[in-house]
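# Overview (structure and organization)
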Amino acid sequence: MNNQLKIWKFIAQALKHQIPVTVLYVLESLGSSPGRQGFFMAVNTDGDMEGSIGGGIMEHKFVEMAKARLIEAERLSIRKQVHNKTSGKNNSGMICSGEQTILLYLMKSVDMTTVQQIIVSLEKHHHGTLTLSSDGIRFDDAVPLKDYTFTMHSDEDWIYQEKIGYKNVLTIIGGGHCSLAFSNLMRQMDFYIKVYDKRNDLKTMLENHTAHEKHVLTDYAELAHLVSPGQNHYVVIMTFGYRTDDEALRVLLNKEVRYLGLLGSQAKIEKMFADYRKENVDEQLLQRIHTPVGIPIKSQTPEEIAISIAAQIICEKNK
């Protein structure tokens, strides 16, 4: 999200100083493309740029194309790239076998209001809809049902819409050392981070400057209304002990979230699950819990544990 904000602020500065600037936006990405749908960057006539549409020879070619169009003042064009050297048409020069549809759009002074609306929305961590079409760029506060939508009938008849703002929410139950390292790592990705703990004046909570929200609870039962269900919601429980892990997990077992993970030793988890089975807890609910959380890389330090969990969440997110 910080990267998106940097790009839009770069565009705003260019418009403010009347420096021509072109936006390059990945409208669609299929197969093994280096830049996924929603990747974008901006290039101005001074040769300065911000963001990325995937890097490599493809991006270099498009940056040069954008510079040329700035000189020619060409307002808008859509280019399809096929990353396969056997493809004669729209060949990108890459061999990763995917395809991309990329927009080149010359920003105009009348777009400044829209750009400022996007910046304000991102700074406030709000959601909204970015719309790109042959008519130009628009933004409104309505939240679309899907993260991305792209429909193209022709070069003149197409529309791209994207949910602006954090697309994923990560809730961390527990504010200790592993939580701190995990927050620091996940802040670099497209996650809005919330941390909950029951301990007042916890040093690692006070030191956590990367979580967007930090809350001290009286009881983990409060999580029932604090954690919302949703396919973009990820939850990891990493409290300071067995009892508090159990408290949090019981509250969240029935939450329909994309990912539910529990940090702990194999022995602790086996005992916990054995108790649940004695209570006739639905086995399907237990099977969906990622535990011991993270990929098995024999992680030991909080930073290594954070990497193992992050990798597992990214794998789930990108399925």
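Heads up: the structure comes first, above all this text.
Residues numbered from 1 in each chain as written. Predicted model: local features only at pLDDT ≥ 70, side-chain atom pairs only at ≥ 80, totals over all residues. Heavy atoms only, no water.

It is the contact of helix α7 (residues 242-252) with helix α8 (residues 266-278), at a shortest axis distance of 11 Å, that shows an interaxial angle of 45°. If you check the angle between α7 and α8, you find them oblique. In terms of crossing hand, the pair formed by α7 and α8 is right-handed. Taken together, the residues of α8 that come into contact with α7 (itself represented by Y242, D245, D246, L249 and R250) are K268, K271, M272, F273, D275 and Y276. Partitioned by chemical class, the residues of the contact of α7 with α8 number five nonpolar, no polar and six charged. (Axes fitted to C-alpha atoms, helices over the stretch in contact; angles between N-to-C directions. Helix = DSSP H or I, 4+ residues; strand = E, 2+ residues; numbered from the N terminus. Parallel < 35°, antiparallel > 145°, perpendicular 65-115°, else oblique. Left-handed = near helix turned anticlockwise from the far one by under 90°. Contact = heavy atoms within 4.5 Å. Nonpolar A, V, L, I, M, F, W, Y, C, P; charged D, E, K, R; others polar.)

Further remarks concern the pattern of salt bridges. Counted according to the given criterion, the structure contains 18 salt bridges. Ionic pairing is found between E50 and K6, a salt bridge with its closest N-O pair at 3.9 Å. Of this pair, E50 sits in strand β3 (residues 49-51) while K6 sits in helix α1 (residues 2-16), and the two are 44 residues apart along the sequence. Judged by its relative accessible area of 25%, E50 falls in the partly exposed class. Assessed through its relative accessible area of 45%, K6 is described here as partly exposed. The salt bridge partner of R258 is E316, with a shortest N-O separation of 3.0 Å. Placement of R258 in strand β14 (residues 257-262) and of E316 in helix α10 (residues 302-317) is noted, with a sequence separation of 58 residues between them. Within the structure, one salt-bridge network assembled from shared partners comprises K198, R243 and E247. (Salt bridge = Lys/Arg side-chain N within 4 Å of Asp/Glu carboxyl O. Buried < 20%, exposed > 50% of the residue type's maximum accessible area, 1.4 Å probe, protein only.)

Honestly, that's just the spatial picture; any functional story needs more than this.
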